[in-house]
Structure formats: structure tokens, C-alpha cells
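# Topology and contacts: notes
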Amino acid sequence: MELTAALFDLCKSSSRPIIAIDGPAGAGKTTLAEHLSAALSLKYKCTTLHMDDLYNGWENAFDHHLSDALIGACRAHQKSQKFSLSRYNWSSGEYGPAEEISQSDLLILEGVGSMQNAIRPLLSASIWIDIEARAGLARVLVRDGEGISQQMTDWLILQEQHFRENDSQKAADFVLSN
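Described in the following lines is the structure provided in the data block. Computed from a prediction, not measured in an experiment: that's the story for all the values here. (Residues numbered from 1 in each chain as written. Predicted model: local features only at pLDDT ≥ 70, side-chain atom pairs only at ≥ 80, totals over all residues. Heavy atoms only, no water.)

### Here we look at the overall build of the protein chain
Applicable threshold: In this description a helix means any DSSP run of H or I spanning at least four residues, a strand means any run of E spanning at least two, and both kinds are numbered starting from the N terminus. As defined in this context, the radius of gyration uses C-alpha atoms, and a globule is described by 2.2 Å times the residue total to the power 0.38. Each residue is placed in one exposure class: buried if its accessible area under a 1.4 Å probe, protein chains only, is under 20% of its type's maximum, exposed if it is over 50%, and partly exposed if it falls in between. It only takes one pair of heavy atoms within 4.5 Å for two residues to be counted as in contact.
What the protein chain contains, in helices and strands, is 6 helices and 7 strands. Since a compact globule built from 178 residues should have a radius of gyration of about 16 Å, the 16 Å found for the protein chain is in line with a globular shape. With the C-alpha coordinates aligned to their principal axes, the bounding extent of the protein chain is approximately 45 × 40 × 30 Å. Among the 178 residues that make up the protein chain, the fraction classed as buried is 46%. Long-range contacts, defined here as pairs at least 24 residues apart, represent 77% of the contacts in the protein chain between residues at least 6 apart.

Written out as C-alpha cells, the structure is:
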């Protein structure tokens, strides 16, 4: 069965489905989220939340800010309630003012940490995209520039620790390789 068809089936089990796409940096999570949003929008009004907008900077990316934002967004989505999020401004190193997120039928969470334990019971489906760490790093540096090389090297350690603590790959409904 094709991934999109399987997701359509899984989403039927919830009136307010939530899909998470997780995996290492550079694996192609954003691209997959864009493709799935386009395909699933045939039936659902989709909203995608990117973890890059929710992290509390490089060193504290997986702190309570991320968990709190995800829990709040998922619970509000399930109740068809409006919710607001503050997006992290990477230039200033601070969160911006809260922005209201449009209501939708399907919420897609995309990025490292989107499948964390705190929200896993709220997910309709979870997808892990795997990539070898060096290949993922190379992709990110091509995309975002060599200027973040040191931050990304440190990030690889943080993301791996987060994945181990959350057993992310093993918990996925679907595992894709890149």
C-alpha cells in the first residue's frame, strides 16, 4: 500500500487527525510534509507546524518550550479550538509574539522532535525518515550554508540523544530510508 493511501486510512480513525514526520537533520522531512500536505489536502484542510519554528535555539531545542507548544497545539487541534504559537527568531535568539494558527482538519508536525513521547498518544500516524548522519549533515550545509557547520555538528549529538530518550524510530508507524 502506498504511504498516502495508508495515511488516508489511518486518518479516518480520528475526527481531528495529527501526523508527525520525524528523523535526523537533512533526511527530507520538510519535503515529505509538503508532498503529503498537497496529497492529503484533497480531503483535508491541512496545517503544517515546523519544529524549526518552535525550538528554543540550538542548545535548548528540546526543552519544555517545544513540548509545551506541541502539547498545546495537538490538544487544541483535537478539540477544534484556535491556538497560538510563538515562533523562534533565529536572528534575534528570542521568541516572537504569539501568532494565531488557522484551524484545519489535519495537523502535520514536521521536524526533529515532532514524535516525542509527550504527544505520541495524540498522533494518528507517525513517520520516521532515516538518513546516515554525514549525508544528512552535508544536505543541511548545502541548503543552509557552511556558516552553521559547528552548530550542526553539535546538533547531531543533541538530536541523537533526543531520539534515544524518546525511542523515536522504533515508535514510528512508517520508516522510510533516504
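### Here's the deal with the pattern of salt bridges
So the rule is basically this: The salt bridge criterion pairs a side-chain nitrogen of Lys or Arg with a carboxyl oxygen of Asp or Glu, the two atoms within 4 Å.
Enumeration over the complete set of coordinates arrives at 5 salt bridges. In this structure, D53 engages R87 in a salt bridge whose closest nitrogen and oxygen atoms are separated by 2.9 Å. Pair noted here: D53 is in the loop between strand 2 (46-50) and helix 3 (64-78) and R87 is in strand 3 (residues 83-89), with a separation of 34 residues, a long-range link. Among the residues examined, D53 registers a relative accessible area of 22% and is labelled partly exposed.

### Notes on the packing of helix 4 (residues 133-144) against helix 5 (residues 149-166)
Condition: Helix axes are fitted to C-alpha atoms over the stretch in contact, other axes to C-alpha atoms as well, and angles between N-to-C directions run from 0 to 180 degrees. Geometric relationships in this document are graded by angle, where less than 35 degrees denotes roughly parallel, more than 145 denotes roughly antiparallel, 65 to 115 denotes roughly perpendicular, and other angles denote oblique. A crossing counts as left-handed when the near helix is turned anticlockwise from the far one by less than a right angle, and as right-handed when that turn is clockwise. Note that Gly is not counted as nonpolar here; it falls among the polar residues with everything else outside the nonpolar set of Ala, Val, Leu, Ile, Met, Phe, Trp, Tyr, Cys and Pro and the charged set of Asp, Glu, Lys and Arg.
Two numbers describe how helix 4 lies on helix 5: the axes approach to 11 Å, and their chain directions differ by 150 degrees. By the angle class used here, helix 4 and helix 5 are roughly antiparallel. Between helix 4 and helix 5 lies a crossing whose hand is right-handed. Side by side, helix 4 and helix 5 meet where A133, L137, V140 and L141 of the first sit next to S149, M152 and L156 of the second. Considered class by class, the residues forming the contact of helix 4 with helix 5 number 6 nonpolar, 1 polar and no charged.

### Let's talk about the side chain of S114
For clarity, the cut-off: Whenever a nitrogen or oxygen atom comes within 3.5 Å of another N or O atom, the pair is scored as a polar contact, on the condition that within protein one atom can donate a hydrogen and the other can accept it, and that pairs from neighbouring residues in sequence are kept only if both atoms are in side chains.
Structurally, S114 is set in the loop between strand 5 (106-110) and strand 6 (125-130). Of note is the side chain of S114, whose polar atom sits 2.9 Å from the backbone oxygen of I21. At 2.9 Å, the side chain of S114 forms a polar contact with the backbone oxygen of G111.

### Quick look at the sheet that holds strand 5
Rule in force here: A strand pair is defined by DSSP finding two or more bridges across the two strands.
Pairing in this open sheet of 5 strands is parallel, and the strands run 2-5-1-6-7 from one edge to the other. Whereas interior strands pair on both sides, the edge strands pair on one side only; in this sheet they are strand 2 and strand 7 (174-177). Pairs of neighbouring strands in the sheet enclose a mean axial angle of 20 degrees, with direction left out of account.

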